[in-house]
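Spelled out from the first residue to the last, the chains are:
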Amino acid sequence: MNRTAVIWYSAIMAVVMAILLSAEGIADQKTADTSSKYLLKDEPAKAADVITTREKAKDKDDVVVVGRIGGRPNPWVKGAAAFSIVDTSLKACNEIPGDKCETPWDYCCEANLPKATVLVTIVDEATGQTVKQDARELLKARELQTVVVAGKARRDKAGNVSIAASKVFIRRDKEAVK
């Protein structure tokens, strides 16, 4: 995928994220350290990959999905606990010999990126609303980390899939950007 296509894809994903966040509301989180409410200490079993989840999950299905944070030059949603994840079968740019990409988590060299990416929003279980805190701060997460998210699949009329996750397990990968 060339850089122009990545930029267009990023712009489209940003619009989709904005629509999803405005449609579902954003929970107001006042507490300083709420991360333990959403972080799991143990990895959930039987996580499906992103591609399989996009193909098979129905709206409101309970899902457990594994992926790596990335898929765009900036995979984070400003002011909300939301980010995109990519199927673990895809190679980040830093895993391609000789690639000098400054944002290896954007997966710009992957032609199958749109079919291998989902948006994850962290939701409060009590309200169902997206947590209003940057996911990097809330989860202590960073680009290229492998995460396992547990929650509900959301499939819109166009067939796009996102995950409303109430729990997240973060693998401590050596590949993650520091």
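Criteria and cut-off values
Residues numbered from 1 in each chain as written. Predicted model: local features only at pLDDT ≥ 70, side-chain atom pairs only at ≥ 80, totals over all residues. Heavy atoms only, no water. Salt bridge = Lys/Arg side-chain N within 4 Å of Asp/Glu carboxyl O. Helix = DSSP H or I, 4+ residues; strand = E, 2+ residues; numbered from the N terminus. Buried < 20%, exposed > 50% of the residue type's maximum accessible area, 1.4 Å probe, protein only. Phe/Tyr/Trp six-rings, centres within 6.5 Å; stacked < 30°, edge-to-face > 60°. Polar contact = N/O pair within 3.5 Å; in protein donor to acceptor, adjacent residues only side chain to side chain. pLDDT = per-residue confidence, 0-100. Contact = heavy atoms within 4.5 Å.

### Structural notes on the pattern of salt bridges
By the definition in use, this model includes 5 salt bridges. Its salt-bridge partner being Arg 171, residue Glu 43 comes within 2.6 Å of it at the nearest N-O pair. Of this pair, Glu 43 sits in the loop between helix H2 (35–38) and strand S2 (48–49) while Arg 171 sits in the segment after strand S8 (161–170), placing them 128 residues apart in sequence. Its relative accessible area of 34% is what places Glu 43 among the partly exposed residues. Note that Arg 68 and Glu 95 form a salt bridge whose closest N and O atoms lie 2.8 Å from each other. Residue Arg 68 is found in strand S3 (residues 62–69), and its partner Glu 95 is found in the loop between strand S4 (82–86) and strand S5 (117–122); the two are separated by 27 residues along the sequence. With a relative accessible area of 6%, Arg 68 lands in the buried category.

### Quick word on the packing of aromatic side chains
Within this structure, the stated rule accounts for 1 aromatic pair. The interplanar angle of 55 degrees and the centroid separation of 5.7 Å between the aromatic rings of Trp 76 and Phe 83 together place this pair among those described as tilted. On the basis of relative accessible area, Trp 76 is assigned to the buried category, the value being 3%. With relative accessibility at 0%, the residue Phe 83 sits in the buried group.

### Here we look at the environment of Ser 89
Structurally, Ser 89 is set in the loop between S4 and S5. For Ser 89, a relative accessible area of 53% translates into the label exposed. One polar contact links Ser 89 to Asp 87, side chain to side chain, over a distance of 2.7 Å.

### Comments concerning the confidence of the model for the protein
For the protein, the average pLDDT comes to 85, and 77% of its residues sit at 70 or higher. With pLDDT under 50 throughout, residues 23–32 is counted as low confidence; its partners more than four residues away or in other chains account for 23 contacts.

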